[in-house]
Amino acid sequence: MRHNCPLMFNRRQLRIKVLQTLYAFHTDKDGSVEEAHKLLLKGLDKTYDLYLLLLMLIGEMQDAAIERIEAGRLKQQPTREDLHPNTKFVNNKPLRIIIKSKELAKEAANRKLGWGQEQDMIKRLFKSLVMSEEYTAYMDNEERGFQHDRESLNRMFRKHIVNDEGLQEWIEEQSILWSDDLDLASSIVLKTVKTITEGSEDLVLSEMWKDDGDDREFLEHLFSRTLAMAEEHDKAIETTASNWDLERIATMDLLLLRMAIAEARTFPSVPLKVTINEYIDLAKFYSTEKSGAFVNGVLDKLFTAMLEDGRIVKTGRGLIG
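So, here's what we can say about the structure. Keep in mind that this is a model prediction, so the values were computed, not measured.

What about the overall build of the protein?
Here is step 1: Along the protein, the regular secondary structure elements total 15 helices and 0 strands.
Here is step 2: The dimensions of the protein, computed from C-alpha atoms along their principal axes, are 85 × 40 × 35 Å.
Here is step 3: Taking all contacts inside the protein whose residues are at least 6 apart in sequence as the whole, residues at least 24 apart take part in 81%.
Here is step 4: For the protein, the computed accessible surface area is about 17,300 Å², with 47% contributed by carbon and sulfur atoms.
Here is step 5: Taken as two groups, the 45 positive and 55 negative side-chain charges of the protein have centres that lie 3 Å from each other.

Examining unusual backbone geometry
Here is step 1: One non-glycine residue with positive phi stands out, namely lysine 112, at about 55°.
Here is step 2: On the secondary structure map, lysine 112 appears in the loop between helix 5 (102-110) and helix 6 (119-130).

Quick notes on a negative patch on the surface
Here is step 1: On the surface, a cluster of negative charge is made up of Glu165, Glu169, Glu172 and Glu173.
Here is step 2: Residue placement: glutamate 169 occurs in helix 9 (residues 165-174).
Here is step 3: Of the residues examined, glutamate 169 reaches a relative accessible area of 48% and is grouped as partly exposed.

Details of helix 12 (residues 230-240)
Here is step 1: Buried within helix 12 are the following residues: Ala230, His233, Asp234, Ala236, Ile237 and Thr240. Buried positions in helix 12, seen along its axis, are confined to an arc of 165° and lie on one side of it. Facing away from the buried side of helix 12 by more than 90 degrees, the exposed set consists of Glu231, Lys235 and Thr239.
Here is step 2: Against the buried residues of helix 12 lie helix 11 (214-228), helix 13 (251-266) and helix 15 (291-309).

Quick notes on the environment of arginine 265
Here is step 1: Counting through the fold element by element, arginine 265 comes out in helix 13.
Here is step 2: The sequence separation of arginine 265 and proline 94 amounts to 171 residues, and the corresponding C-alpha distance is 46 Å.
Here is step 3: Ignoring any residue separated from it by four or fewer positions in sequence, one finds arginine 265 in contact with Met229, Glu232, His233, Met306, Arg311 and Ile312.
Here is step 4: Side-chain polar atoms of arginine 265 contact the side chain of histidine 233, separated by 3.0 Å.

Focus on the packing of helix 1 (residues 11-27) against helix 13
When two helices pack together, their arrangement is given by the angle between the helix axes and by the axis-to-axis distance.
Here is step 1: Axis separation between helix 1 and helix 13 bottoms out at 10 Å; the angle between their running directions is 125°. Considering the angle they form, helix 1 stands oblique to helix 13. Considering only the axes of helix 1 and helix 13, their crossing is right-handed. Contacts between helix 1 and helix 13 involve Arg15, Val18, Leu19, Leu22, Tyr23 and His26 on the former and, on the latter, Thr251, Met252, Leu255, Leu256, Arg258, Met259 and Glu263.
Here is step 2: Of the residues contributing to the contact of helix 1 with helix 13, the split by class is 8 nonpolar, 2 polar and 3 charged.

So, the pattern of salt bridges
For side chains of opposite charge, pairing can occur when their charged atoms come near one another.
Here is step 1: Going through the model one piece at a time under the given rule, you end up with 17 salt bridges.
Here is step 2: For aspartate 45, the salt bridge identified is with arginine 111, shortest N-O distance 3.4 Å. Here arginine 111 lies in the loop between helix 5 and helix 6 and aspartate 45 lies in helix 2 (residues 33-73), a separation of 66 residues in the sequence.
Here is step 3: Judged by its relative accessible area of 33%, aspartate 45 is partly exposed.
Here is step 4: What you see here is one network of salt bridges that share partners, running through Arg12, Arg15, Glu263, Glu278 and Asp281.

As for the nonpolar core
Here is step 1: Among the nonpolar cores identified, the biggest contains 98 residues, and Tyr51, Phe89 and Phe303 are the most heavily contacted of them.
Here is step 2: Dropping the residues within four chain positions of it, phenylalanine 303 is found in contact with Ala260, Ile261, Ala264, Leu272, Thr275, Ile276 and Ile312.

Comments concerning the layout of surface pockets
Where empty space is left becomes clear once a probe the size of a water molecule has been rolled over the atoms.
Here is step 1: By volume, the largest pocket amounts to about 400 Å³.
Here is step 2: Taken together, the residues of the lining of the largest pocket sort by class into 10 nonpolar, 3 polar and 5 charged.

With respect to the environment of asparagine 163
Here is step 1: The topology assignment puts asparagine 163 in the loop between helix 8 (146-161) and helix 9.
Here is step 2: According to the relative accessible area criterion, asparagine 163 is partly exposed, its value standing at 44%.
Here is step 3: Linking asparagine 163 and leucine 182, residues 19 residues apart in sequence, is a C-alpha distance of 9.8 Å.

Side note on the packing of helix 2 against helix 4 (residues 93-100)
Here is step 1: In contact at an axis separation of 9 Å, helix 2 and helix 4 are set at 110° when each is read in the N-to-C sense. On the basis of the axis angle, helix 2 is roughly perpendicular to helix 4. In this structure, helix 2 crosses over helix 4, and the sense of that crossing is left-handed. Together, Leu55, Ile58, Gly59, Gln62 and Asp63 of helix 2 and Leu95, Arg96, Ile98 and Ile99 of helix 4 make up the contact between the two elements.
Here is step 2: Residue composition of the contact of helix 2 with helix 4, grouped by class: 5 nonpolar, 2 polar and 2 charged.

A closer look at a positive patch on the surface
Here is step 1: There is a patch of like positive charges on the surface, built from Arg155, Arg158, Lys159, Lys191 and Lys194.
Here is step 2: For the positive patch, the secondary structure elements donating two or more residues are helix 8 and helix 10 (182-194).
Here is step 3: Here the element with the most residues in the positive patch is helix 8; it accounts for 3 residues.
Here is step 4: Tracing the sequence through the fold places arginine 155 in helix 8.

The rules behind these values
- Residues numbered from 1 in each chain as written.
- Predicted model: local features only at pLDDT ≥ 70, side-chain atom pairs only at ≥ 80, totals over all residues.
- Heavy atoms only, no water.
- Helix = DSSP H or I, 4+ residues; strand = E, 2+ residues; numbered from the N terminus.
- Contact = heavy atoms within 4.5 Å.
- Areas by Shrake-Rupley, 256 points an atom, 1.4 Å probe, with all protein chains shown as cover.
- Lys, Arg positive; Asp, Glu negative; His and termini not counted.
- Charge placed at Lys NZ, Arg CZ, Asp CG, Glu CD.
- Patch = residues over 30% accessible without salt bridge, like charges linked within 9 Å, V, L, I, M, F, W, Y side chains within 5 Å.
- Salt bridge = Lys/Arg side-chain N within 4 Å of Asp/Glu carboxyl O.
- Buried < 20%, exposed > 50% of the residue type's maximum accessible area, 1.4 Å probe, protein only.
- Arc of directions from axis to C-beta.
- Polar contact = N/O pair within 3.5 Å; in protein donor to acceptor, adjacent residues only side chain to side chain.
- Axes fitted to C-alpha atoms, helices over the stretch in contact; angles between N-to-C directions.
- Parallel < 35°, antiparallel > 145°, perpendicular 65-115°, else oblique.
- Left-handed = near helix turned anticlockwise from the far one by under 90°.
- Nonpolar A, V, L, I, M, F, W, Y, C, P; charged D, E, K, R; others polar.
- Core = buried A, V, L, I, M, F, W, Y, C linked by side-chain atoms within 4.5 Å.
- 1 Å grid on protein atoms, 1.4 Å probe; cavity = no way out; pocket = protein on both sides within 12 Å on 5 of 7 lines; lining within 4 Å.
- Points joined across faces, edges and corners; volume = space filled by probe spheres on them.

Function cannot be inferred from these measures alone, as they are strictly geometric.
This is the structure:
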């Protein structure tokens, strides 16, 4: 892995991707497991596309700034400001590295990504940026240091660019898979910009996976084992949640329980405490108000029973807690 390279996905984000795919598969009665698996991998790939596009969008702001300066100079009666523009933004050093990045250009070309067809939105977004508090404060500040440039660029992206309603609407229109990915992709953009130093000759782009392949294996196995063991685990869930039949359990809760049990039985090195806490948090966020307590109660009973009868076996780090 390249030095200081931010990773695109952590285990929680991989669990979320699996959950989203399982939900889509559950609601599409005509879908096949093979199609669901392709959707899972496509979802990950689309998230990476969004990350690259957002990085490129920062660069597009420089082009818009240069165009604005040139338009001012070409006025029939240019003002003093038109003739002597503040070029601090266009000379922002981390921004120039993004613009000149061969790595970013190569990835964008491979994936056929670009903003060429969206110039009207780019111009509107830059015009809005110029009026923002973050941009004004940066341009009025006489400081010219590299760290100041980098922090200001990230602040403009975080507080204004990525929160633009027009941009968010465009993102939703481009892909149904992107609506839930914007926060993740944006956070990786911010981490990528933070890796830029005064000595940087190019961007260090995020990697999708760790070099050891563990996360890719985790994703694949969690998805496949959750589906393969669903019937067996549904019986265990129904028995444990004795006051509920499966029809009364919220779909999201059921999927989360299936995933948690599959994870506990498939990955010996993942501690049960980690698995339980992760799925409680996911239940609170993606399901109902009472789902966290419900998932906690069912898993606590089920895991205790499965440890006793040998259906769950933990080794190494999985023995912790």
